Amino acid sequence: MATEAFEDIAETFDFFDDWEDRYRHVIELGRAMPPMEEALKTPHTKVEGCASQVWIQPVLKGEGTSAEFDFKGDSDAMIVRGLIAVLHALYSGLSVAQVTQVDALAELGRLGLDEHLSSQRSNGLRAMIMRIQAVASEAASR
């Protein structure tokens, strides 16, 4: 299950012949993402387990399993900011119940990200996914 925005990214990645072009595209996605307000960059929104500074602030519209999931995110590293933009495309607009059903690693594997990120970046990406899944799971149980 993937959003239209994520499918657009996947289609764009299919056009690129090499990883360097994909890497640049991820960075461009990060640059295009609106900045997160400094006031939201708190210990509560900081994602532990990332080598870079990463913040994710969930934004839920509605309640229960049908609440619409969105989030604001930011990082001090451009490639990580791009990865946040990719995750935003993957999850934004889904219900919290749908978010908990997304196999993020499989979806991201379609982009080849798993093969080209350092182990530190991969661990950070998994930490961001775990945070998103935990927030959605908690919201769905309310």
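Peer 1: Could you give an account of the side chain of Gln133, naming the residues involved and the relevant values?
Peer 2: With respect to the helices and strands, Gln133 occurs in helix 7 (residues 119–140). By relative accessible area, which is 17% here, Gln133 ends up buried.

Peer 1: Requested: an account of the pairing of strand 2 (residues 68–75), with residues and values cited.
Peer 2: Burial of strand 2 is extensive: 6 of the 8 residues sit out of reach of the surface. Alignment of strand 1 (residues 54–61) against strand 2, held across 8 bridges, turns out to be antiparallel. Bridging across to strand 2, Trp55 finds its partner in Asp74. Hairpin connection between strand 1 and strand 2: a loop of 6 residues separates the two successive antiparallel strands, and Gly62 in this loop has a positive phi of roughly 100°.

Peer 1: Which residues make up the environment of Leu105, and what are the values?
Peer 2: Examined against the element boundaries, Leu105 turns out to sit in helix 5 (residues 104–109). Along the primary structure Leu105 and Phe15 are separated by 90 residues, whereas in three dimensions their C-alpha atoms are 21 Å apart. Ignoring any residue separated from it by four or fewer positions in sequence, one finds Leu105 in contact with Arg126 and Ile129.

Peer 1: Residue-level account of the packing of aromatic side chains, with values.
Peer 2: All told, the structure shown has 4 aromatic pairs when counted by the stated rule. Measuring from centroid to centroid gives 6.4 Å for Phe69 and Tyr91, while their planes differ by 75°, and the two rings are edge-to-face. Of the two residues, Phe69 sits in strand 2 while Tyr91 sits in helix 3 (residues 78–91), which places them 22 residues apart along the sequence. Put simply, the rings of Phe69, Phe71 and Tyr91 pair up and form one aromatic cluster.

Peer 1: Break down the side chain of Thr3 for me, with residues and values.
Peer 2: Its location among the elements puts Thr3 in the segment before helix 1 (4–15). Side-chain polar atoms of Thr3 contact the backbone nitrogen of Phe6, separated by 3.1 Å. Apart from the residues within four sequence positions on either side, Thr3 is in contact with Ala89, Leu90, Ser92 and Leu94.

Conventions used here
Residues numbered from 1 in each chain as written. Predicted model: local features only at pLDDT ≥ 70, side-chain atom pairs only at ≥ 80, totals over all residues. Heavy atoms only, no water. Helix = DSSP H or I, 4+ residues; strand = E, 2+ residues; numbered from the N terminus. Buried < 20%, exposed > 50% of the residue type's maximum accessible area, 1.4 Å probe, protein only. Pairing = 2+ DSSP bridges. Contact = heavy atoms within 4.5 Å. Phe/Tyr/Trp six-rings, centres within 6.5 Å; stacked < 30°, edge-to-face > 60°. Polar contact = N/O pair within 3.5 Å; in protein donor to acceptor, adjacent residues only side chain to side chain.

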